[in-house]
Amino acid sequence: MGLLFYTIFLKLYPIGIRIASLWNDKALLWVKGRKKFPSFDSSDEKNKTIWMHCASLGEFEQGRPLIEKIRKEYPGYIIVITFFSPSGYEIQKKIRDADHIFYLPADSALNAKKFIELINPKLVLWVKYEYWYYYLHELKKKNIPTLLISGSFRKDQPFFKWYGNFWKKMLDCFTYYFLQNEDSKILLENIGIKNVTVSGDTRFDRVITIAENFDDVPLIKEFCGNNKVIVAGSTWEDDEAELVHYAKTNAHIKFIIAPHEVDKENLRDVKKEFVNSILYSEWILNVKRQTSNVKSETPSHDSPFTFHGNCLIIDNIGMLSRLYKYADITYVGGGFGYDGLHNILEAAVYGKPVIFGPEFEKNFEAQELIECGGGITIENALELEKTLTYLFSNADELEKRSIAAKNYVYSKAGATKKIMEFIQENRLLTN
């Protein structure tokens, strides 16, 4: 029965996406990206391919430390990365952190067989979640080692329900599990899955690497000046609604807002909401124009691009993990929506208190960050304003929470090392 419903889902989902693509740019990218089956020539490197699958950009960042380590230790292997979502593929196809980057073809017995035979992987890394029945069963049938890394499970998932036998069959396809927490291990052991290790989350390793190799953004530094700064990352409309009043009534505080969606329509709405704002691309033009005026000995106050507001809106993807460095206090979005909280570790690693909304049950690290003092959850705009006012007026409290946030992240490092040790000890790859 489970396979029947899954098959129906596989038939209906592309239809829904095609309908949505008539007005949704992301859906349109999903459709265009799957018009052609991936092409791949591995004839010269038979059985020398490693395949990592990620749902989206966030999962790629989670798997990235392991891929970088593998590339360093086993340079002879071809790295193939697949994405389900356009938000991952469209960014990474430009950056090229792998030899081949593809959209994962739609799940089916034929596609799974064809794709796996095409790339012929020696090792498969499945990041965190997203379970595709035919792909996983084809990997198991071919006896290809398949590791779930940074896995996280909750008791409300179908694997652990009375009707979950079909979903459990997908879990049985993994060779080994590297889990984020002890609760996930207990859940799997309760359904008979013992081949697990609580290794932690590779995201901690990733954000530490970014922080320790920090690359300054001069124009951001210029915008901040000597002011107090709040950086709000991955925000949605509900998050922005909580922030906007404080931004309007505290002109002496600089706000950097990085919306989760950076399409023109959303950016226009965000800019309209935050009246004393400018887009990052406009700010660059502003600085260039004023610099040009100085060189031509024209007074800068004559420039029509001079900006006196306090809100900078980031209209690109890829900067956010560095922006948190410039904050005194950070806010991470997603905590007021169904999809849940976004990556709070990118902010905490710099030693910044992290504020977020109440929907964080899928993020165990949010609860742990609250418990150690580095995280603060708020229910509404009034609580947010009280929290910000308190922290800005109590330097000792702000410093204490900042130290707690950074210490928490560094205490969780090491997941990548544990996974690499397993790969090496079990000789899953050879030099």
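Residues numbered from 1 in each chain as written. Predicted model: local features only at pLDDT ≥ 70, side-chain atom pairs only at ≥ 80, totals over all residues. Heavy atoms only, no water.

Caption draft 1: Fine view of empty space enclosed by the protein. Within this structure, the stated rule accounts for one cavity of 30 Å³ or more. Within this model, the largest cavity holds a volume of roughly 50 Å³. The biggest single contributor to the lining of the largest cavity is helix α9 (residues 202-212), with four residues. Classifying every residue of the lining of the largest cavity gives two nonpolar, two polar and four charged. (1 Å grid on protein atoms, 1.4 Å probe; cavity = no way out; pocket = protein on both sides within 12 Å on 5 of 7 lines; lining within 4 Å. Points joined across faces, edges and corners; volume = space filled by probe spheres on them. Helix = DSSP H or I, 4+ residues; strand = E, 2+ residues; numbered from the N terminus. Nonpolar A, V, L, I, M, F, W, Y, C, P; charged D, E, K, R; others polar.)

Caption draft 2: The arrangement of the layout of surface pockets in detail. Considering only enclosed or pocket space, the second largest pocket measures out at about 590 Å³ in volume. If you trace the second largest pocket, you find 28 residues lining it, with Trp30, Arg34, Pro105, Ala106 and Asn111 closest to the centre. Of all the elements in the fold, those that place two or more residues in the lining of the second largest pocket are α1 (2-20), α2 (25-33) and β3 (100-103). The dominant element in the lining of the second largest pocket, judged by the number of residues it contributes, is α1, at seven residues. Across the lining of the second largest pocket, the residue classes tally to 17 nonpolar, five polar and six charged.

Caption draft 3: The arrangement of the sheet that holds strand β5 (residues 146-151) in detail. In space, the seven strands of this open sheet follow the order β3-β2-β1-β4-β5-β6-β7, with parallel pairing throughout. Either end of the sheet is taken by a strand with one partner, and the two such strands are β3 and β7 (196-198). Here the strands of the sheet are splayed against their neighbours by 20 degrees on average, with no regard to which way each runs. In this structure, strand β1 (residues 49-54) lies alongside strand β4 (residues 121-127), joined through five bridges in parallel fashion. Paired with isoleucine 50 across the bridge in β4 is leucine 123. Sheet strands touched by helix α5 (residues 109-119): β1, β2 (78-83), β3 and β4. Its angle to β1, the strand with the most contacts, is close to 140 degrees. (Pairing = 2+ DSSP bridges. Axes fitted to C-alpha atoms, helices over the stretch in contact; angles between N-to-C directions. Contact = heavy atoms within 4.5 Å.)

Caption draft 4: Broad picture of the sheet that holds strand β8 (residues 228-235). Taken in spatial order, the seven strands of this open sheet run β10-β11-β9-β8-β12-β13-β14, and their pairing is parallel. Strands at the two margins of the open sheet, each flanked by one partner only, are β10 (277-279) and β14 (375-377). This sheet shows a mean twist of 20 degrees between the axes of neighbouring strands, independent of strand direction. Across three bridges, the pairing between strand β13 (residues 354-356) and β14 is parallel.

Caption draft 5: Geometry of a negative patch on the surface. A contiguous patch of negative charge on the surface is contributed by Asp25, Glu237, Asp238, Asp263, Glu265, Asp269 and Glu273. Of all the secondary structure elements, the ones that give two or more residues to the negative patch are α11 (237-249) and α12 (264-273). Among the elements that line the negative patch, the one with the most residues is α12, at three residues. Taking the relative accessible area as the measure of exposure, aspartate 263 reaches 32% and is therefore partly exposed. (Patch = residues over 30% accessible without salt bridge, like charges linked within 9 Å, V, L, I, M, F, W, Y side chains within 5 Å. Areas by Shrake-Rupley, 256 points an atom, 1.4 Å probe, with all protein chains shown as cover. Salt bridge = Lys/Arg side-chain N within 4 Å of Asp/Glu carboxyl O. Lys, Arg positive; Asp, Glu negative; His and termini not counted. Charge placed at Lys NZ, Arg CZ, Asp CG, Glu CD. Buried < 20%, exposed > 50% of the residue type's maximum accessible area, 1.4 Å probe, protein only.)

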